[in-house]
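Chain and residue survey
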Amino acid sequence: MNIKLRFYLRAAASVATALVLVAVFSVSQTGVSAKPQWQLLKLKNGMDVIVIENRSVPLVTVEVAVKNGSYTEPPEYNGLSHLYEHMFFKSNERSKAEGYNDRAAELGMLSNAQTREEVVNYYTTTINTGLREAMVLMSDALRYPLFDKQELDQEIHVVIDELNQHLSNPFNYLFEATNQRLWYKYPSRKRPGGDPETVAKATPEMMRVIQKKFYIPNNSALVVAGDVNAQEVFKLAGEIFGDWQRSEDPFVKDPVPRHPPLPKDDSVIVNQPVNSATIQISWEGPSTDLDTTATYAADVFSFVVNQPNSQFSHNLVDSGLITNGGLNYYTQKNVGPISITAQATPDKLKAALKAISTEVNKFDSPNYFSDDELQYAKTLLDVDEIYDREKPSEYAHTLSFWWASSGLDYFGNYGDNLNKVTREEIARYVRKYIKNKPRIVAVLISDADQKRIGLTEADLAFRLDPVGAAVSDKAEPKPVQAPKTTSKGAAAKKPVSKTKPKP
């Protein structure tokens, strides 16, 4: 949703800035840590104000993040956080009364938004002199929505069209089949796009329910990034957002239900008109609020596995069994999924399934990766985080994601904690969440190819690590010598893993 906004400069009410807490993260003196840089202020009403100073270009991005999204949605509300996102930049009480004009166009103000499982974020980027205008714009949209019936009906059609477009993508059916089985008790809470039938029945009153419950200062963060002065932003935030009344914590009154453990293996073959076959194997992974150590181990291990010179890549990709593939962990507060995704030709699919199972069974082996590979992965993750800061407007989205799904303390120490991950912690992560644990195996393949190769769900059920089998903790991995460099050379290849959130 890319919108060029009409905006009118309105004098903001003068409200005393309430400086409750300021935390500053900075690069360490040694220069070896990739500690993020931002400044944080919490207003008295509970709203977090996060500032990223970067004066490389005279632009500023103003972003608002709200802890909303599909994880807050029972079936009867599935997709309404997404619909609310579409309504955010529509008319509101202030814009209707005062009339936004072409001031936004004069400022070159560009706005957009996105809905995820655990956060909805809205942002606008403009020249640095438009900071106050952009902050007032966000305040008006947050606090004074109209939910005009005609505009809502229009956006319902837009959202349904958007969801229908996804149906033309064969991978949509693979992901949906997996999610229905992995999140079997609360599938709506892992479906950010939503259910078209539920979206079609949305009313202004339902939008107002979401606003009153989640769009409150103590459930929101203002992120300002770019050519700004932090103290000036804090002062403006106090003036513009300081009189917004806090409300009851929505997650204390109505806690989000925790996804229950997967009780057993399940598998599904999804037929779509595709040329190659795609394998997706999924497990329930760690949550940031329950097993923080495992989330760091998950990120490091994914980077180890996905390097071009890893055993996983050598045995599966270099051997020609699959054309590409990798391991991923998606960081979430309420159970992050772990998945292996791989593509193969239909003729090699059965062999690829067995070979992947063989790799999984070796994940906690002492010699599955070398100390050099472990350190290389940590360095790449550090570099990856630093690259993220290069574009302040994108870095604002990254901070919004982590603020909602883990808290800024988690992300503030992300690089340091990645560097502390040990081989033993990775082995514990593998044994607790992957090896011998129930999983969902899904394959996307054409009906004709399935029949030609005689693929059945029994082929998908094959595994060398049976569910519930005891794993000896005595077999803790020991450091091993680095393997011989492949003929292609590890340093010449780029990492293929990405554990950070993507838009």
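About the criteria used
- Numbers given for residues are sequential positions, taken from 1 along each chain in its written order.
- Confidence filtering applies because this is a predicted model: local features only for residues at pLDDT of at least 70, side-chain atom pairs given and counted only at 80 or more, and all residues used for totals across whole chains, interfaces and linings.
- With hydrogens and water excluded, all non-hydrogen atoms of the structure serve as input to the side-chain values.
- Only DSSP runs of H or I reaching four residues or more are called helices, and only runs of E reaching two or more are called strands; each is numbered from the N terminus.
- Residue burial is assigned from relative accessible area. The probe radius is 1.4 Å, only protein chains are included, and a residue is buried under 20% of its type maximum, exposed over 50%, and partly exposed in between.
- Two residues qualify as a contact provided that any one of their heavy atoms is within 4.5 Å of a heavy atom in the partner residue.
- Computed by Shrake-Rupley with a 1.4 Å probe, the accessible areas treat only the displayed protein chains as cover when residues are assessed.
- A pair of strands counts as paired when DSSP detects no fewer than two bridges linking them.
- Axis definition: a line fitted to C-alpha atoms, over the contacting stretch in the case of helices. Angles run 0 to 180 degrees between N-to-C directions.
- Cavities and pockets were defined on a 1 Å grid built over protein atoms only: a cavity is a set of grid points that admits a 1.4 Å probe from which the probe cannot escape, a pocket is an open set flanked by protein on both sides within 12 Å along at least five of seven lines, and lining residues are those with an atom within 4 Å of any such point.
- Grid points are joined across faces, edges and corners, and a volume is the space filled by probe spheres set on the points.
- Residue type decides the class: Asp, Glu, Lys and Arg count as charged, Ala, Val, Leu, Ile, Met, Phe, Trp, Tyr, Cys and Pro as nonpolar, and the leftover types, Gly among them, as polar.
- Residue-level confidence of the predictor is summarised by pLDDT, bounded by 0 at the bottom and 100 at the top.
- Only residues whose relative accessible area exceeds 30% and that take part in no salt bridge are eligible for patches, with like-charged residues grouped when within 9 Å of each other and nonpolar side chains (Val, Leu, Ile, Met, Phe, Trp, Tyr) grouped when within 5 Å.
- Salt bridges are identified by distance alone: a Lys or Arg side-chain nitrogen within 4 Å of an Asp or Glu carboxyl oxygen.
- If you view the pair so one helix is near and one far, a crossing is left-handed when the near helix is turned anticlockwise from the far one by less than a right angle, and right-handed when it is turned clockwise.
- Should an angle fall under 35 degrees it is taken as roughly parallel, and over 145 as roughly antiparallel, whereas 65 to 115 is taken as roughly perpendicular and any remaining angle as oblique.
- Taken from the helix axis, the directions to the C-beta atoms give the arc we talk about.

1. So, the overall build of the chain
Looking only at helices and strands, the chain features 20 helices and 13 strands. Across the 503 residues of the chain, 55% fall into the buried class. Once local pairs closer than 6 in sequence are excluded, the contacts in the chain between residues at least 24 apart make up 84%. As displayed, the chain has an accessible area near 21500 Å², and 52% of this comes from carbon and sulfur atoms.

2. Thoughts on the sheet that holds strand β9 (residues 266-271)
Pairing in this open sheet of five strands is mixed, and the strands run β9-β13-β10-β12-β11 from one edge to the other. Two strands in the sheet have a free side with no partner beyond their single neighbour: β9 and β11 (324-329). The mean inter-strand angle of the sheet, taken between neighbouring strand axes irrespective of direction, is 10 degrees. Pairing of strand β10 (residues 277-284) with strand β12 (residues 337-344) involves eight bridges; the strand directions are antiparallel. What sits directly across from Q280, in β12, is T341.

3. Some details on empty space enclosed by the protein
Within the structure shown, the criterion is met by three cavities of 30 Å³ or more. Size it by volume and the largest cavity reaches roughly 50 Å³. If you trace the largest cavity, you find it lined by M87, F88, K90, S91, N92, A141, P145, L146, F147, D148 and E151. Looking at the lining of the largest cavity residue by residue, the classes come out as six nonpolar, two polar and three charged.

4. Focus: unusual backbone geometry
Phi is positive for F147, which is not a glycine, with a value near 55 degrees. Here F147 lies in the loop between α4 (131-143) and α5 (149-166). Positive phi, normally seen in glycine, also occurs at N436, with a value near 65 degrees. Inspection of the secondary structure puts N436 in the loop between α18 (423-433) and β13 (440-445). For N436, a relative accessible area of 6% gives the class buried.

5. Details of the pairing of strand β3 (residues 38-42)
Within β3, four of the five residues are buried, which leaves the element mostly enclosed by the surrounding structure. When β3 meets strand β4 (residues 48-53), the two strands line up antiparallel, connected through four bridges. By the bridge assignment for β4, Q39 is matched with V51. The antiparallel hairpin formed by β3 and β4 contains five residues in its connecting segment, where G46 sits at a positive phi of about 95 degrees.

6. A closer look at the confidence of the model for the chain
Model confidence for the chain is summarised by a mean pLDDT of 87, while 84% of its residues fall at 70 or above. Confidence drops under pLDDT 50 across residues 1-33; counting only partners more than four residues distant or on other chains, this segment forms 85 contacts. Low pLDDT (under 50) marks residues 473-503, which in the prediction has 65 contacts with non-local residues, meaning those over four places away or in another chain.

7. Quick notes on a nonpolar patch on the surface
On the surface, V57, L59 and I127 cluster together into a nonpolar patch covering about 210 Å² of accessible area. Along the chain, I127 falls in strand β7 (residues 120-127). For I127, a relative accessible area of 35% gives the class partly exposed.

8. As for the packing of α4 against helix α9 (residues 230-241)
Closest axis-to-axis distance for the α4/α9 pair is 10 Å, and the angle between their directions is 35 degrees. The interaxial crossing formed by α4 with α9 has right-handed handedness. Touching L131, R132, M135, V136, M138, S139, L142 and R143 of α4 are E232, V233, L236, A237, E239, I240 and F241, all from α9. In terms of residue class, the contact of α4 with α9 is made up of 10 nonpolar, one polar and four charged.

9. Things to note about the environment of Y330
Mapped onto the secondary structure, Y330 falls in the loop between β11 and β12. Y330 gets classed as buried once you look at its relative accessible area, which sits at 18%. Spatially, the C-alpha atom of Y330 lies 9.0 Å from that of T295, the residues being 35 residues apart in sequence.

10. Remarks on the packing of helix α11 (residues 292-306) against helix α14 (residues 371-388)
Geometrically, a packed helix pair is captured by the angle between its two axes and the distance between the axes. Contact geometry of α11 with α14 gives a least axis separation of 9 Å together with a crossing angle of 110 degrees. Compared by their axis directions, α11 and α14 come out roughly perpendicular. α11 and α14 meet at a crossing whose hand is right-handed. Every residue of α14 that contacts α11 at D299, V300, F303 and V304 is listed here: E373, L374, A377, K378, L380 and L381. Across the contact of α11 with α14, the residue classes break down as seven nonpolar, no polar and three charged.

11. A word on helix α8 (residues 204-214)
Along α8, the positions that sit buried rather than exposed are P204, M206, M207, I210, Q211 and F214. With its buried residues spanning 160 degrees around the axis, α8 presents them on a single face. In α8, the exposed residues that point more than 90 degrees away from the buried face are E205 and K212. Each element contacted by the buried residues of α8 is listed here: β5 (59-66), α1 (80-87), α4, α5, β8 (220-226) and α10 (250-253).

12. Overview of the pairing of β10
With eight of eight residues buried, β10 is to be regarded as a mostly interior element. Alternating residues of β10 divide into A277, I279, I281 and W283 and T278, Q280, S282 and E284, and every residue in both groups is buried. Here β10 runs beside β13; their pairing, made up of five bridges, is antiparallel. Looking at β13, one finds that I279 is bridged to V443.

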